[in-house]
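Residue-level structure breakdown
Chain residues, written in single-letter form:
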Amino acid sequence: MAERISDAEHAVMEVLWDDSPLTAQDVGERIAPGRDWSANTVKTLLGRLLAKNVIAHEADGRRYLYRPLVAREEYVEGESRRLIDRLFGGKLTPLVAHLAERDALSSQDIAEIEALLKALKS
């Protein structure tokens, strides 16, 4: 994914990743109620996502059905890589160290990381 998506666009993508294809009205109804977005706002965001080539649309009578072109996993991978590259010089170890030093890792997190490392060593 060449172009980054905004937080608002990400909210639309989450709806489309959960269920698609959807109309603009469907997307608007499924967006978190606290956002209180108008139909025009949803259509603007869909238009931006179309321009960024992360969603596609097809005519369905007088309306369009929208679907993602980028898988959630692909998006998460790209965003994770950007974060690690930008803040930690492309290395994962400083990120884990940063979280550990800030007491941001629970006992459960540590156990899951240990299990993951053990599996990777095997």
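Structure first, text after, so check above.
Analysis parameters
Each residue is numbered by its place in its chain's sequence as written, counting from 1. Side-chain atom pairs in this predicted model are given and counted only at pLDDT of 80 or more, local residue features only at pLDDT of at least 70, and totals for whole chains, interfaces and linings cover all residues. Think of the side-chain values as coming from all heavy atoms in the structure, minus any hydrogens and water. For our purposes a nonpolar core is just a set of buried Ala, Val, Leu, Ile, Met, Phe, Trp, Tyr and Cys residues, chained together by side-chain atoms within 4.5 Å. When a residue's accessible area, from a 1.4 Å probe over protein chains only, is under 20% of the maximum for its type it is buried; when over 50% it is exposed; and in between it is partly exposed. Secondary structure is summarised from DSSP: a helix means a run of H or I of at least four residues, a strand means a run of E of at least two, and numbering begins at the N terminus for each. By definition in these notes, contact holds between two residues if any of their heavy atoms fall within 4.5 Å. When DSSP finds two or more bridges between two strands, those strands count as paired. Any pair of N or O atoms that falls within 3.5 Å is considered a polar contact. Within protein, one atom must be able to donate a hydrogen and the other to accept it, and sequence-neighbouring residues count only if both atoms are side-chain atoms. In this analysis, rings of Phe, Tyr and Trp, with Trp reduced to its six-membered ring, are considered paired at centre separations within 6.5 Å, and the interplanar angle assigns stacked below 30 degrees, edge-to-face beyond 60, and tilted for intermediate values. Expected helix span is taken as 1.5 Å per residue step, with the number of steps being one fewer than the number of residues.

Counting 20 residues, the largest nonpolar core has V12, L16, V27, L46 and I55 as the members making the most contacts within it. Those elements that place two or more of their residues in this core are α1 (7–18), α2 (24–30) and α3 (39–51). Among the elements that make up this core, the one with the highest residue count is α1 (six residues). Ignoring anything within four residues of it in the chain, the contact list for V12 reads V27, I31, W37, L45, L46 and L49.

Attention shifts here to the pairing of strand β1 (residues 55–60). Pairing analysis gives six bridges linking β1 to strand β2 (residues 63–68), with the strands arranged antiparallel. Note that in β2 the partner of D60 across the bridge is R63. Here β1 hands over to β2 after two residues, with G61 in that stretch at a positive phi of 70 degrees.

Its place among the elements puts E9 in helix α1. Residue E9 is classed as buried on the basis of its relative accessible area, which comes to 2%. Engagement of the side chain of E9 in a polar contact is seen with the backbone nitrogen of S6, the distance being 2.8 Å. Not counting the four nearest positions on each side in its chain, E9 is found in contact with R4, L45, R48, L49 and K52.

This brings us to the packing of aromatic side chains. With the rule as written, the count across this model stands at one aromatic pair. Ring centres 5.5 Å apart and planes at 40 degrees place the aromatic pair W17 and Y75 in the tilted group. Of this pair, W17 sits in helix α1 while Y75 sits in helix α4 (residues 72–88), placing them 58 residues apart in sequence. Neither residue differs from the other here; W17 and Y75 are each classed as buried.

This brings us to α1. Every α-helical turn comprises 3.6 residues, leaving residues that sit three or four positions apart pointing alike. Over its 12 residues, α1 runs 17 Å from end to end, which matches the ideal 16 Å to within 8%, given 1.5 Å per residue. Looking only at α1, the buried set comprises E9, A11, V12, M13, V15, L16 and W17. Those residues of α1 that are buried are in contact with α2, α3, β1, β2 and α4.

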